[in-house]
Amino acid sequence: MATNRALRLQSAAEVAADVVLNGHVERWVEGAIFPCEMAFFIATCIANDIECVIESGRQDGYSTEILGDWASRGGQKIVSIDLELEPRRAALCRERLAKWPIELVKGSAYEEFGRHAFAQAGRKLALLADGPKGWPAISMLAAATSESVHVVALHNLIVGCQERRYLQELGGGSDIFYETAIPAPGPRWKQLRERELSIATKARAARSLDASSLGVLVLDEARRSKFRRAWRPEFGLHQPAVVRTLWASGMYAAATKLYGLSYRMLAR
Ligand SMILES: C[S@@+](CC[C@H](N)C(=O)[O-])C[C@H]1O[C@@H](n2cnc3c(N)ncnc32)[C@H](O)[C@@H]1O
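Keep in mind that what you see is a predicted model, and the values were worked out from it rather than measured.

Trainee: Is there a simple way to explain a nonpolar patch on the surface in this structure?
Mentor: A surface patch of nonpolar side chains, about 270 Å² in accessible area, is lined by Leu-261, Met-265 and Leu-266. Structurally, Leu-261 can be placed in helix H12 (residues 252–266). Here Leu-261 falls in the partly exposed class, since its relative accessible area comes to 36%.

Structure (structure tokens):
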């Protein structure tokens with residue numbers, strides 16, 4: 001029998017699917033998070049009463065626009081961080097997002113994530129990383145995880161990769177991908193999935209359409225504490241506790257340097 005939590009997520013998924021079906025499926029572009037993945041993230045935020053989302057990696061603004069559309073209905077705060085390395089592309093993205101209630105930040109997520117996660121700590125937070133990726137993104141998410149953080153999500157967790165396994169283990173068997181988290185989707189979700197398949201197949205999407213790669217993890221007290229304390233060889237020099245200490249001392253730029261140094265010295 002489905003638990004209350006599963007039923008809550010399933011009904012939130014219908015609301016989230018409705019948001020994404022509001023013209024966003026057709027706007028999907030290669031490299032962006034898939035529509036159903038975004039709907040799953042928003043559904044998890046709805047089911048957990050999230051008040052603020054901090055995103056890193058917006059590129060052309062696909063995922064960000066969906067967050068903005070959702071927030072325009074419910075009043076949640078959205079902060080989106082990107083390096084904006086290509087000025088023309090960044091300007092077009094800002095133009096696209098101008099009508100939505102989103103705080104757009106230009107800078108390195110390795111410092112801005114810390115700054116904004118601390119600034120928003122009075123709210124129930126969800127963190128979404130889609131640039132940087134992999135272990136550096138995981139350490140950044142763990143460093144930013146405080147008592148206020150209830151949901152963390154990371155993109156590009158392809159089947160078989162170690163980062164995927166790590167987050168699945170951290171979830172302790174909870175379902176961090178929508179295929180298993182929403183086993184009996186409602187009509188709006190089914191419609192969304194059909195539209196997604198049709199659009200992404202036409203666009204010859206590079207990523208698999210069979211297995212989603214946005215892992216969305218709900219943090220209860222035990223998981224949050226384990227995640228905050230994570231210390232792993234894969235993090236190299238950017239261990240979450242070290243990054244958090246730098247942020248807490250106001251040494252935000254030093255955090256970006258630490259990630260750079262770790263990559264140069266240890267290729268991590
Ligand atoms: C795959 S794209 C994001 C796509 C977007 N989430 C979507 O679904 O439409 C990755 C983005 O991450 C940004 N990025 C990569 N590393 C970053 C960092 N350390 N700090 C901030 N942004 C970063 C890049 O500038 C790029 O725009």
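Additional details are given in the paragraphs that follow.
Trainee: Honestly, helix H3 (residues 62–74) in this entry has me stumped. Any pointers?
Mentor: Residue pairs three or four apart in sequence face the same way in an α-helix, which turns once every 3.6 residues. Compared with an ideal rise of 1.5 Å per residue, which puts 13 residues at 18 Å, H3 spans 19 Å between its outermost C-alpha atoms and is within 8% of the ideal. The buried fraction of H3 amounts to ten of the 13 residues, a majority that puts the element mostly inside the structure. Within H3 the residues assigned to the buried category are Tyr-62, Ser-63, Thr-64, Glu-65, Ile-66, Leu-67, Gly-68, Asp-69, Trp-70 and Ala-71.

Trainee: Even after reading the chapter, I still don't get the pairing of strand S4 (residues 125–129), so can you show me in this structure?
Mentor: Successive residues of a regular strand alternate their side chains across the two faces of the sheet. Taken across its five residues, S4 has five buried, putting it largely inside the fold. Side chains Leu-125, Leu-127 and Ala-129 project from S4 onto one buried face, and the interleaved Ala-126 and Leu-128 project onto a second face that is buried too. In terms of strand pairing, strand S1 (residues 52–56) meets S4 through five bridges, oriented parallel. When the sheet's bridge partners are listed, Glu-55 is paired in S4 with Leu-128. Where S4 lies against strand S5 (residues 149–154), five bridges are found, and the strand directions are parallel. Bridge assignment links Ala-126 to a residue of S5, and that residue is Val-151.

Trainee: Looking at this structure, I do not really get the site of the ligand. What am I missing?
Mentor: Taken together, 18 residues are adjacent to the ligand, and Ile-33, Gly-57, Asp-82, Ala-109 and Asp-130 come closest. Separating a nitrogen atom of the ligand from a backbone N or O atom of Leu-83 is a distance of 3.3 Å. Taking 610 Å² as the accessible area of the ligand by itself, protein coverage stands at 85%. At the level of elements, H3 and helix H5 (109–119) are the ones that each hand at least two residues to the shell around the ligand. Among the residues forming the shell around the ligand, the class breakdown is seven nonpolar, seven polar and four charged.

Trainee: Can you help me understand the sheet that holds strand S3 (residues 103–106) in this one?
Mentor: Strands belonging to one sheet form pairs held by backbone hydrogen bonds; the direction of such a pair is parallel or antiparallel. Across the sheet, six strands lie side by side as S3-S2-S1-S4-S5-S6; this open sheet has mixed pairing. A single partner strand is all that each edge strand has here, and the edge strands are S3 and strand S6 (215–218). Averaged over all adjacent pairs, the angle separating strand axes in this sheet is 15°, with direction ignored. Packing against the sheet, helix H6 (residues 134–144) makes contact with S1, S4 and S5, and its axis sits at approximately 170° to S5.

Trainee: Help me out: how do you make sense of the environment of Lys-190 in this one?
Mentor: Residue position: Lys-190 is located in helix H9 (residues 187–202). Expressed as a C-alpha distance, the spacing of Lys-190 and Arg-115, which sit 75 residues apart in the sequence, is 38 Å.

Conventions adopted
- Residues numbered from 1 in each chain as written.
- Predicted model: local features only at pLDDT ≥ 70, side-chain atom pairs only at ≥ 80, totals over all residues.
- Heavy atoms only, no water.
- Patch = residues over 30% accessible without salt bridge, like charges linked within 9 Å, V, L, I, M, F, W, Y side chains within 5 Å.
- Areas by Shrake-Rupley, 256 points an atom, 1.4 Å probe, with all protein chains shown as cover.
- Salt bridge = Lys/Arg side-chain N within 4 Å of Asp/Glu carboxyl O.
- Helix = DSSP H or I, 4+ residues; strand = E, 2+ residues; numbered from the N terminus.
- Buried < 20%, exposed > 50% of the residue type's maximum accessible area, 1.4 Å probe, protein only.
- Expected span 1.5 Å × (residues − 1).
- Pairing = 2+ DSSP bridges.
- Near = heavy atom within 4 Å.
- Polar contact = N/O pair within 3.5 Å; in protein donor to acceptor, adjacent residues only side chain to side chain.
- Nonpolar A, V, L, I, M, F, W, Y, C, P; charged D, E, K, R; others polar.
- Axes fitted to C-alpha atoms, helices over the stretch in contact; angles between N-to-C directions.
- Contact = heavy atoms within 4.5 Å.

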